[in-house]
Amino acid sequence: MKEEVKKIIAAIKKGEIAPIYFLMGEEPYFIDIVSDYIENNLLQEDQKGFDQLVLYGQDVTVPAIIDYARRFPMMSERQVIIIKEAQKLKATIDQLVPYVENPTPSTVLVFCYKYEKLDARKKLTKTLEKHKACVLVSDKLKEYQIASWLPDVVKKKHLLIQPKAIQMLVDFLGNDLSRIQNEIDKLALIIAKNSEITPEVIEQNIGISKDFNNYELKSAFATKDEIKVMRIIKHFGDNPTDNPIVVTLSVLYTFFQKLLAFHGLTDQSDKAAATALKENAFFIKEYRTAAQLYPMKKVSAIINGLRTIDVKSKGVGTANASQADLLKDLVTLILR
C-alpha cells in the first residue's frame, strides 16, 4: 500500500496530475496522506483562497460538486476541489459518471471515500477505471505488515526503532496507523534526532510497560519461562482494564498458528521462514526455540484450547469467569 501512495505522490511531483483522484477503503491513513499532499502542494498559498475548495460529503450534493468542477480557475492554471467524507454521498455517487467521462482539464477533483469501497459492479467504478482516473484502494495493513511500514515513518522523523519496540506498539495499538503515527510524532518531539526508539523509551513516554505486555507474555510462553509467565499473568489479572484478555488471546493465537506453520516448513532458515510466516526475521529465532519445546501435536491442542477460552471470555458456557481465572486457564493449557 505504501508503494502505491509513493507512486501517486511521485507522479504529482513530476507534474503528472490526474483530473480525478478517487481515494477509498477501510484505512483512512493512506487516503489522508494523498489528499493532504494535494491540498498542501498543488497550489501556492496565495492561490488557495481563490482556487482551492474543501467540501464535505454531508454538506454538498453531487450536482453541486459537478458545478464547482466545471468552473475555471481564477489565479492559477488549475483549481483543486477536495471532497472529504465522500462516502456520505453514497446514495447519489453514480451521478458523477457523466463528469468522469468528460472531466474539466483545469480541475483536480479529489474524493476521500473512507472506511468502505465503491461497489465494483457500479457504473461509476467501471467508468473511473475506463477513463484512467487515479484510484487508490486503501486496505487495512495486517499487523505483520506494520513491521515494514513503521521504520519508514520513524526514519522521516530522523529516528530509528528496535524490532521489539515495533512489536510493543502493535500489541498495544493494533493496526491503527493514525494512532501509531501520533505516538511517533510525540516521541519525535521528546527524544533527540538520530536516537533509537527502544522499549524503555516507549515505557517512559507512551506508558506501555516494557515488562508487562502481550509481547513479553508471548515470548515467555515461547521459551517456557514459567516464572515470567506467572508474573505477567498476575499483573494482567490485577489490571484487566489495561490488559483486555481479548487482545492477549489474539496475540497468542496468532503466535501458535505461525508456530504450527513453522513446524511444517521444509526450509526453516531465517529468511525462508520470515517470508513464509510473514514475520520479521528478527523473531524467527523465537519460533525455532518454541518449536523445540512444543511438538506439533501440542501446538494443535493449544490452538483448540485458545478457541475454547475465547468463547468463555465472551460469557458462553461459563458463569461469568473472571479474567484472572481465564488467564490461569491459559497457563494450564500452554505450560502443563
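Conventions used here
- Residues numbered from 1 in each chain as written.
- Predicted model: local features only at pLDDT ≥ 70, side-chain atom pairs only at ≥ 80, totals over all residues.
- Heavy atoms only, no water.
- Helix = DSSP H or I, 4+ residues; strand = E, 2+ residues; numbered from the N terminus.
- Axes fitted to C-alpha atoms, helices over the stretch in contact; angles between N-to-C directions.
- Left-handed = near helix turned anticlockwise from the far one by under 90°.
- Contact = heavy atoms within 4.5 Å.
- Nonpolar A, V, L, I, M, F, W, Y, C, P; charged D, E, K, R; others polar.
- UniProt positions renumbered as here; feature names shortened; annotations may be inferred.
- Buried < 20%, exposed > 50% of the residue type's maximum accessible area, 1.4 Å probe, protein only.
- Pairing = 2+ DSSP bridges.
- Arc of directions from axis to C-beta.
- Phe/Tyr/Trp six-rings, centres within 6.5 Å; stacked < 30°, edge-to-face > 60°.
- Lys NZ or Arg CZ within 6 Å of the ring centre and 35° of its normal.
- Salt bridge = Lys/Arg side-chain N within 4 Å of Asp/Glu carboxyl O.

1. Describing unusual backbone geometry
1) Next: Here the phi dihedral of Y115 falls at roughly 75°; this positive angle occurs in a residue that is not glycine.
2) Next: Turning to its location among the elements, Y115 is positioned in the loop between β4 (107–114) and α6 (123–130).
3) Next: Located in the positive-phi region is K278, a residue other than glycine, with phi close to 55°.
4) Next: Here K278 is to be found in the loop between α14 (270–277) and α15 (284–293).

2. Section: the packing of helix α7 (residues 143–156) against helix α9 (residues 177–190)
1) Next: Two elements in contact, α7 and α9, have axes separated by 11 Å at closest approach and are oriented at 35°. The crossing of α7 and α9 is right-handed. Contacts between α7 and α9 involve I146, W149, L150, V153 and V154 on the former and, on the latter, L177, I180, Q181 and I184.
2) Next: Taken together, the residues of the contact of α7 with α9 sort by class into eight nonpolar, one polar and no charged.

3. Here we look at the UniProt feature "domain: DNA polymerase III delta N-terminal" (unreviewed entry) in the protein chain
1) Next: Per the UniProt record, "domain: DNA polymerase III delta N-terminal" (unreviewed entry) is found at residues 21–135.
2) Next: With 37% helix and 23% strand, the stretch residues 21–135 has end C-alpha atoms that lie 6 Å from each other.

4. What to know about the pairing of strand β3 (residues 79–84)
1) Next: For β3, the buried fraction is high: five of the six residues fall into the buried class.
2) Next: By the bridge criterion, five bridges tie strand β2 (residues 52–56) to β3 in an arrangement that is parallel. Among the inter-strand pairings, L55 is bridged to a residue of β3, identified as I83.
3) Next: Both β3 and β4 contribute to a ladder of five bridges, which runs parallel. Each bridged residue has a counterpart across the sheet, and for I83 the counterpart in β4 is F111.

5. Some thoughts on α15
Each α-helix winds once per 3.6 residues, and so residues spaced three or four apart point in a common direction.
1) Next: Within the sequence span of α15, burial applies to I284, E286, Y287, A290 and A291. Looking straight down α15, one finds that the buried residues subtend no more than 150° of arc, so they occupy a single side. What points out from α15, more than 90 degrees from its buried face, is the exposed set K285 and Q292.
2) Next: Close packing links the buried residues of α15 with α11 (214–222), α13 (245–263) and α14.

6. Some remarks on the packing of aromatic side chains
1) Next: Scanning all chains against the criterion turns up nine aromatic pairs.
2) Next: Judged by centre distance (5.4 Å) and plane angle (25°), the rings of F22 and F111 are stacked. With a gap of 89 residues between them, F22 in strand β1 (residues 20–25) and F111 in strand β4 connect regions that are remote in the sequence.
3) Next: Between Y215 and F283, the aromatic rings sit 5.9 Å apart at their centres with planes inclined by 65°, giving edge-to-face as the arrangement. With Y215 in helix α11 and F283 in the loop between α14 and α15, this pair connects stretches of sequence that are 68 residues apart. The burial state of Y215 is the same as that of F283; both residues are buried.
4) Next: An aromatic cluster of at least three residues, connected via ring pairs, comprises F255, F256, Y287 and Y294.
5) Next: For the cation-ring pair, K218 lies above F283, with the distance from its terminal atom to the ring centre recorded as 5.3 Å.

7. Section: the sheet that holds β3
1) Next: Spatial strand order, β2-β3-β4-β1-β5: five strands in an open sheet with parallel pairing. Unpaired on one side and paired on the other, β2 and β5 (134–137) mark the two borders of the sheet. Across the sheet, the mean angle separating the axes of adjacent strands is 10° when strand polarity is ignored.
2) Next: Taken together, the six bridges between β1 and β4 define a ladder with parallel strand orientation. Residue F22 lies in a different strand from β4, and its bridge partner there is F111.
3) Next: Across the sheet, helix α1 (residues 2–13) lies against β1 and β5, angled at about 155° from β5, the strand it touches most.

8. Section: the pattern of salt bridges
Side-chain pairing between opposite charges can occur once the charged atoms of the two side chains come close.
1) Next: By the definition in use, this model includes 23 salt bridges.
2) Next: The shortest N-O distance in the salt bridge between D211 and K210 comes to 3.4 Å.
3) Next: For D211, a relative accessible area of 37% puts it in the partly exposed group.
4) Next: Between E216 and K228 there is a salt bridge whose closest N-O contact spans 2.5 Å.

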